[in-house]
Amino acid sequence: MSLHDDAVRVLKEYADQEELRGLYLDHLAAHPDGMWKPCEAGHVTASALVIDPSRGRVLLTLHRKLRMWLQMGGHCEPGDATVEAAALREATEESGIAGLTLLPGGPVRLDRHPIPSPCNWHLDVQYAALVPEGATAVISDESLDLRWFPYAEVGDVADGSVVELLRRTLERL
């Protein structure tokens, strides 16, 4: 199964955000290259909110280009067998934490946001990743900073998309 086919499967199984889910599926139906960065109409990305429920906190990255506190995530790569694998790879690379596990049940939410030309949209499939006991974060080259935030402080530093991702993650926990 190709990554494109896996994304279609994941989105068909995702039972929330019907209108946005339909937009993602329509995009993939119209764009066989819709998983990849060169697709100028937009492309699917994968991300994961790294969460430590035992300590009531999340790990956010200060994105180097956007200069915003965000969850870990980014572009799918040819070696990614599934959208879940892409999200887990991105979370692991950007957090420096080995042994992350995705919260069961598939994506937590979808988020479509504009990006600069030549591409127009990121169609982000968002997961939550649980940290193993004793995990230590290590900043990557893609970040300006990496920091743990208590749940209550996320709204003070991150945009509404991250706040909603946290809210939905906590509901699922």
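For the structure, see preceding data.
Heads up: these notes are all about the structure in this document.

The rules we used
- Residues numbered from 1 in each chain as written.
- Predicted model: local features only at pLDDT ≥ 70, side-chain atom pairs only at ≥ 80, totals over all residues.
- Heavy atoms only, no water.
- Salt bridge = Lys/Arg side-chain N within 4 Å of Asp/Glu carboxyl O.
- Buried < 20%, exposed > 50% of the residue type's maximum accessible area, 1.4 Å probe, protein only.
- Helix = DSSP H or I, 4+ residues; strand = E, 2+ residues; numbered from the N terminus.
- Polar contact = N/O pair within 3.5 Å; in protein donor to acceptor, adjacent residues only side chain to side chain.

1. Regarding the pattern of salt bridges
Summed over all chains, the structure comprises 13 salt bridges. The closest approach of N and O atoms between Arg147 and Asp145, which form a salt bridge, is 2.7 Å. On the basis of relative accessibility, which here comes to 40%, the residue Arg147 falls in the partly exposed class. Its salt-bridge partner being Arg167, residue Glu164 comes within 2.5 Å of it at the nearest N-O pair. Here Glu164 and its partner Arg167 are both found in helix α5 (residues 160–172), three residues apart, which amounts to about one turn of the helix. In the salt-bridge network here, residues are joined through shared partners; they are Asp16, Glu164, Arg167, Arg168 and Glu171.

2. Notes on the side chain of Gln71
Looking at the secondary structure, you find Gln71 in the loop between β3 (69–70) and β4 (72–75). Within polar-contact distance, the side chain of Gln71 engages the side chain of Ser47 at 3.1 Å. Side chain to side chain, Gln71 and Asp124 meet in a polar contact 3.4 Å long.

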